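If you want the building blocks of each chain, they are given just below.
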Amino acid sequence: MHLVGQVEEAKKAYEEAHTLALEVGDLDQLVFHDWSLARYYSWQGNFLAAEELLKTALRYCSGLSGMFRLKGMKKKIKLDMMTINLIKGSLGTLQSYLESLPAFKQKYKQYELFQMNLFGGFFGLQNNHLDVAKKCFQEILASGDEDHPSKWRKSILLAELADKQGEYVKSKALRAQVLEFVERIPDQKKMHIMYIKALLVGYLAKDGNTEHARELITPLVEYATKYLSLNVANFKYLAGMVELADGDFHKAANYFHESIEDCMLLAELRCCAWSHRALGEIAVVKEDYTVARKYFKSTIELCKMMGLPTECLYYSYTCYIPSKQFNGWKLYKEGNDMFKMGVCEKNLLHLKA
């Protein structure tokens with residue numbers, strides 16, 4: 001229900017199941033429900049809600065009788081709590097994880113450590129700790145089947161690292177290889193294939209290949225729109241990024257508004273915050289600082305709802321980040337005078353006079 005936008009219906013069903021499990025004292029089911037829902041909240045960007053559910057699940061674990069089940073669930077819950085701390089920018093969590101990595105690799109399977117390594121790598125990239133990013137991404141590269149499509153996601157991470165190291169030819173070549181592979185797959189409507197393709201669209205736009213990017217993203221948006229899911233908001237946001245890079249601010253704004261509408265239906269917060277920030281940048285370009293202030297303020301409110309510091313908003317693939325020429329968000333956070341209440345209006349009146 002959550003996945004198709006029936007948020008209230010899903011909430012009601014969850015509450016009924018939760019009440020029933022409480023009545024019969026089924027702690028196993030309570031732990032599993034809270035852990036599962038916490039994971040979904042994390043996908044939505046609602047890290048505050050996810051944290052609370054994980055803490056509750058951990059408390060329920062104290063009453064579990066099956067030691068094997070207890071040990072397994074506690075491991076999963078604690079790892080998810082660490083991942084959320086990392087997404088929220090906890091350097092201490094990352095340092096502790098890297099120092100204890102040999103022990104973690106004995107305790108957990110490689111796929112269970114994927115999220116920690118992924119967001120640890122993003123943390124390193126965004127904060128110019130390239131040694132940290134490299135170590136985390138290498139852990140991902142060392143895992144999994146080389147013939148599995150997920151290896152191409154790993155190639156995108158290698159391209160991210162190459163970009164940061166100034167190896168732009170290498171990064172473009174890696175992404176071109178991924179795109180070539182993806183486009184040879186017969187079934188283009190597999191969700192993980194569409195997701196990888198959408199990421200590549202974002203990078204093409206960043207590199208200035210907006211025409212090619214537009215050709216790829218348009219059918220993705222059209223197909224995803226038929227089935228409301230978190231991918232719809234994601235694809236529309238990336239379609240907006242293509243138009244933003246191409247300077248068509250009207251089309252870009254339309255996509256960002258549509259993404260926000262889908263995010264509201266799905267209770268998605270992170271993509272919603274990205275879209276608000278992007279709309280603020282468009283307003284800055286148009287020198288409408290009052291509107292820009294409104295969107296940037298909404299972005300900050302969404303960060304608070306997620307439980308994220310604003311500097312952690314883009315701990316993700318860099319294709320989601322507007323280029324440096326769009327610096328309104330940075331100036332707003334620095335308290336630039338043009339965003340202060342009354343300043344814009346006074347300047348406008350002065351110009352009219």
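Summarised in this report is the structure supplied together with it. (Residues numbered from 1 in each chain as written. Predicted model: local features only at pLDDT ≥ 70, side-chain atom pairs only at ≥ 80, totals over all residues. Heavy atoms only, no water.)

**Examining the overall build of the protein chain**
Link 1 in the chain: A tally of helices and strands in the protein chain yields 18 helices and zero strands.
Link 2 in the chain: Within the protein chain, the proportion of its 353 residues that are buried is 49%.
Link 3 in the chain: Considering only contacts in the protein chain between residues 6 or more positions apart, those separated by 24 or more positions represent 61%.
Link 4 in the chain: Approximately 17,800 Å² of the protein chain is accessible, and the part contributed by carbon and sulfur atoms is 55%. (Helix = DSSP H or I, 4+ residues; strand = E, 2+ residues; numbered from the N terminus. Buried < 20%, exposed > 50% of the residue type's maximum accessible area, 1.4 Å probe, protein only. Contact = heavy atoms within 4.5 Å. Areas by Shrake-Rupley, 256 points an atom, 1.4 Å probe, with all protein chains shown as cover.)

**Points about the nonpolar core**
Link 1 in the chain: Grouped together as the largest cluster of nonpolar side chains are 110 residues, with contacts concentrated most on Phe-122, Ile-217, Tyr-237, Tyr-317 and Phe-339.
Link 2 in the chain: If one sorts the elements of this core by residue count, helix H11 (residues 191-206) sits on top with 10 residues.
Link 3 in the chain: Beyond its immediate sequence surroundings of up to four residues, Phe-339 is in contact with Val-284, Tyr-289, Ala-292, Arg-293, Phe-296, Gly-328, Leu-331 and Tyr-332. (Core = buried A, V, L, I, M, F, W, Y, C linked by side-chain atoms within 4.5 Å.)

**What to know about the packing of aromatic side chains**
Link 1 in the chain: Under the counting rule described, the total for this entry stands at 19 aromatic pairs.
Link 2 in the chain: A ring pair is formed by Phe-296 and Phe-339, whose centres lie 5.8 Å apart and whose planes are at 70°; its orientation type is edge-to-face. Here the residue Phe-296 occupies a position in helix H16 (residues 289-306), and Phe-339 occupies one in the loop between helix H17 (328-333) and helix H18 (343-352), the gap between them amounting to 43 residues.
Link 3 in the chain: Its relative accessible area of 0% is what places Phe-296 among the buried residues.
Link 4 in the chain: Its end group placed over the ring of Tyr-108, Lys-75 keeps NZ or CZ at 5.3 Å from the ring centre.
Link 5 in the chain: Sitting over the ring of Tyr-295, Lys-294 keeps its end group 4.6 Å from the ring centre. (Phe/Tyr/Trp six-rings, centres within 6.5 Å; stacked < 30°, edge-to-face > 60°. Lys NZ or Arg CZ within 6 Å of the ring centre and 35° of its normal.)

**Things to note about the environment of Ile-321**
Link 1 in the chain: Tracing the backbone through its elements, the reader meets Ile-321 in the loop between H16 and H17.
Link 2 in the chain: Measuring from C-alpha to C-alpha, the distance between Ile-321 and Gly-202 comes to 9.2 Å, with 119 residues separating the pair along the chain.
Link 3 in the chain: When neighbours within four sequence positions are excluded, Ile-321 is seen to be in contact with Gln-126, Lys-206, Met-241 and Tyr-314.

**Let's talk about the packing of helix H10 (residues 168-184) against H11**
Between two packed helices, the angle of one axis relative to the other and the distance separating the axes together describe the packing.
Link 1 in the chain: Running from N to C, H10 and H11 cross one another at 145°; their axes reach a closest spacing of 10 Å. As for the relative orientation of H10 and H11, their crossing is left-handed in sense. Contacts from Arg-175, Val-178, Leu-179, Val-182 and Glu-183 in H10 reach Ile-193, Ile-196, Lys-197, Leu-200, Tyr-203 and Leu-204 in H11.
Link 2 in the chain: A per-class count over the contact of H10 with H11 returns eight nonpolar, no polar and three charged. (Axes fitted to C-alpha atoms, helices over the stretch in contact; angles between N-to-C directions. Left-handed = near helix turned anticlockwise from the far one by under 90°. Nonpolar A, V, L, I, M, F, W, Y, C, P; charged D, E, K, R; others polar.)

**A short note on the environment of Met-305**
Link 1 in the chain: Within the secondary structure, Met-305 sits in helix H16.
Link 2 in the chain: In sequence terms Met-305 and Leu-269 are 36 residues apart; their C-alpha atoms lie 7.9 Å from each other.
Link 3 in the chain: Aside from chain neighbours lying at most four places away, what touches Met-305 is Asn-46, Leu-48 and Leu-269.

**Notes on H16**
Link 1 in the chain: End to end, H16 covers 25 Å across 18 residues, agreeing with the expected 26 Å (1.5 Å per residue, within 8%).
Link 2 in the chain: If you check which residues of H16 are buried, you get Tyr-289, Ala-292, Arg-293, Tyr-295, Phe-296, Thr-299, Leu-302, Cys-303 and Met-306.
Link 3 in the chain: Phi turns positive, to about 85°, at Gly-307, one or two residues after H16. (Expected span 1.5 Å × (residues − 1).)

**Regarding the pattern of salt bridges**
Link 1 in the chain: As enumerated under the stated definition, the model contains 16 salt bridges in all.
Link 2 in the chain: Linking Lys-236 and Glu-258 is a salt bridge whose minimum nitrogen-to-oxygen distance equals 3.5 Å. Residue Lys-236 is located in helix H13 (residues 230-246), and its partner Glu-258 is located in helix H14 (residues 249-266); the two are separated by 22 residues in the primary sequence.
Link 3 in the chain: Residue Glu-258 is classed as partly exposed on the basis of its relative accessible area of 32%. (Salt bridge = Lys/Arg side-chain N within 4 Å of Asp/Glu carboxyl O.)

**Focus on H11**
Link 1 in the chain: Compared with the 22 Å implied by 1.5 Å per residue over 16 residues, the 23 Å span of H11 between its first and last C-alpha is a close match.
Link 2 in the chain: Burial of H11 is extensive: 12 of the 16 residues sit out of reach of the surface.
Link 3 in the chain: Taken together, the buried positions of H11 are occupied by Ile-193, Met-194, Ile-196, Lys-197, Ala-198, Leu-199, Leu-200, Val-201, Gly-202, Tyr-203, Leu-204 and Ala-205.
Link 4 in the chain: Two residues or fewer after H11 comes Gly-208, characterised by a positive phi angle close to 90°.

Functional significance is not addressed by these values, which are geometric in nature.
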